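Now for the letters of each chain:
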Amino acid sequence: MPDRPATILFVGDLVGGLGRRTLLALLPGLRERYEPTFVIVNAENVAGGLGITPKIADELLGSGVDAITLGNHAYHRKEIYSYLDDEPRIVRPANYLRSQPGRGHTVVERDGIRLGVVNLSGNLFLRAGRPAFTEIENVLGQLEGAVDHVLVDMHAEATSEKVGLGWYLDGRVTAVVGTHTHVPTADARVLPGGTAYITDVGMTGPRGGVIGVKKEQAIESLRTHMSVRFETSADDPWLNGVVIRASQSLRADRIEQVLAPWEPSTATMSGP
Ligand SMILES: [Fe+2]
Ligand SMILES: [Fe+2]
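Keep in mind it's a predicted model, so treat the numbers as computed, not measured. Per chain, the residues get numbers from 1 upward, laid out in the order the sequence is written. Here every chain gets a letter starting at A, and every ligand a number starting at 1, in the order they are written. Two thresholds apply to this predicted model, a pLDDT of at least 70 for residue-level local features and 80 or more for giving and counting side-chain atom pairs, whereas whole-chain, interface and lining totals are computed over all residues. Think of the side-chain values as coming from all heavy atoms in the structure, minus any hydrogens and water.

Caption draft 1: Structural detail: the coordination of the iron ion (ligand 2). The protein atoms donating to the iron ion (ligand 2) are E44 (OE), N72 (OD1), H155 (NE2) and H180 (ND1), with metal-donor distances spanning 2.1 to 2.2 Å. Around the iron ion (ligand 2) sit four donor atoms; with metal-centred angles ranging over 87 to 147°, the donor geometry is irregular. Distances up to 2.8 Å from the metal define which N, O and S atoms are donors, and 3.2 Å serves for Na, K and Ca; water is absent from the atom set, so sites may look incomplete. In terms of primary sequence, the donors binding the iron ion (ligand 2) are separated according to E-x27-N-x82-H-x24-H. Between the iron ion (ligand 2) and the iron ion (ligand 1), both coordinated by E44, there is a metal-metal distance of 3.5 Å. Remark: N72 occurs in the loop between strand 3 (67-69) and helix 3 (81-86) and E44 occurs in the loop between strand 2 (38-42) and helix 2 (54-62); sequence separation between them is 28 residues. Think of it this way: with four donors and all angles in the 85 to 135 degree range, the site is tetrahedral; with four or six donors, opposite ones beyond 155 degrees and the rest between 65 and 115, it is square planar or octahedral; otherwise it is irregular. Put simply, DSSP H or I for four residues or longer makes a helix, DSSP E for two residues or longer makes a strand, and each gets a number counted from the N terminus.

Caption draft 2: Looking closely at the coordination of the iron ion (ligand 1). Taken together, the protein donors to the iron ion (ligand 1) comprise D13 (OD), E44 (OE), N45 (OD1) and H182 (NE2), at separations of 2.1 to 2.2 Å. For the iron ion (ligand 1), the four donor atoms are set out with angles of 90 to 162° between them, so the coordination reads as irregular. Every donor residue of the iron ion (ligand 1) comes from the same chain, spaced as D-x30-E-N-x136-H.

Caption draft 3: Seen up close, helix 4 (residues 132-143). A helix is expected to span 1.5 Å multiplied by its residue count minus one. With twelve residues, helix 4 extends 16 Å from end C-alpha to end C-alpha; this agrees with the ideal 16 Å at 1.5 Å per step. Burial here depends on accessible area, computed with a 1.4 Å probe over protein chains only, as a share of the maximum for the residue type. Under 20% is buried, over 50% is exposed, and the range in between is partly exposed. Among the residues making up helix 4, those that are buried are A132, E135, I136, V139, L140 and L143. The buried residues of helix 4 occupy one face: seen down the axis, they fall within an arc of 140°. The criterion used for residue contact is that any of the two residues' heavy atoms lie within 4.5 Å. Looking at the packing, one finds that the buried side of helix 4 touches strand 5 (105-110), strand 6 (113-121), strand 7 (149-155) and helix 5 (159-169). Positive backbone phi, approximately 80°, marks G145, located one or two places after helix 4. Note that the arc is defined by the directions from the helix axis to the C-beta atoms.

Caption draft 4: Main features of helix 1 (residues 16-34). Its 19 residues give helix 1 an end-to-end C-alpha distance of 25 Å, which sits within 8% of 27 Å, the value for a rise of 1.5 Å per residue. Of all the bends found along helix 1, the most pronounced is centred on L27 and spans about 40°, while P28, a proline, follows it within four residues. Those residues of helix 1 that sit buried are G16, L18, G19, R20, T22, L23, L26, L27, L30 and Y34. One or two positions beyond helix 1, positive phi appears at E35, with a value near 45°. Note that the bend at a residue is defined as the angle between axes fitted to the seven residues ending at it and the seven residues starting at it.

Caption draft 5: View of the environment of I52. By the secondary structure assignment, I52 is in the loop between strand 2 and helix 2. Exposure remark for I52: the relative accessible area of 0% places this residue in the buried category. Sequence-wise, I52 and T22 are 30 residues apart; in three dimensions their C-alpha atoms are separated by 16 Å.

Caption draft 6: Main features of a nonpolar patch on the surface. Together, V183, V210 and I211 line one region of the surface with nonpolar side chains, adding up to about 230 Å² of accessible area. Note that V210 resides in the loop between strand 11 (205-206) and helix 6 (215-224). Patch membership needs two things, relative accessible area over 30% and no salt bridge, and members are linked within 9 Å if like-charged or within 5 Å if nonpolar (Val, Leu, Ile, Met, Phe, Trp, Tyr). In short, Shrake-Rupley with a 1.4 Å probe defines the accessible areas, and a residue's cover is counted only from the protein chains shown. By definition here, a salt bridge exists when the distance from a side-chain nitrogen of Lys or Arg to a carboxyl oxygen of Asp or Glu is within 4 Å.

This is the structure we're talking about:
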């Protein structure tokens, strides 16, 4: 198989309309700066903080996002169910029950380069019908020979599961990126076998809240243990992502974090 270089921009969980607007505002600048072959976005929280709708998915895909990954909020909005079955560029965790709507992996192509995009859910503290570590073997078997690169979005609560999967897949996929906690970790690196890895990419949305929720409401809930209505914060939008560069098929050379604030008034990108 000839080597086909690729640059992948992966953006962490979009939270609410603010997360969507932050991505769309910063994407042109990020394209100029990093020249990604592919842009992949986790959007499990994009519809008002929970789930995704067909209209929003269409808008993201229409803006040049190559594929969308999801997670435990995939089925929050009923209107997305048939869309998940019909639209090949959106994936929910592959290790969900086979009876649940949608698919767990897809292949997107740009400039003759084929990228397999796989979504997995952790099995600790999250409801996933089947084990991530065995289902990934099934998916990689199906992708073998059909892709130049593979990116796995491991949507999981526990750091141990994500670190474990990174080591398990080292040398077999281009990248394993963790999502779900909405807080970026400081461990981005290329593992010895050539797989780019990070435990959590973080989120794209309001850094001034509590993983997306208005901080006053989250604190009230934590303080009183009573039922509190949660709304998405609008405070201090940031984009959290990673850029993975690969000069050989299924092997990464570099992974770097993108942590960029968005100032809606000036609409310019600053920061690294
Ligand atoms: Fe999320
Ligand atoms: Fe999640």
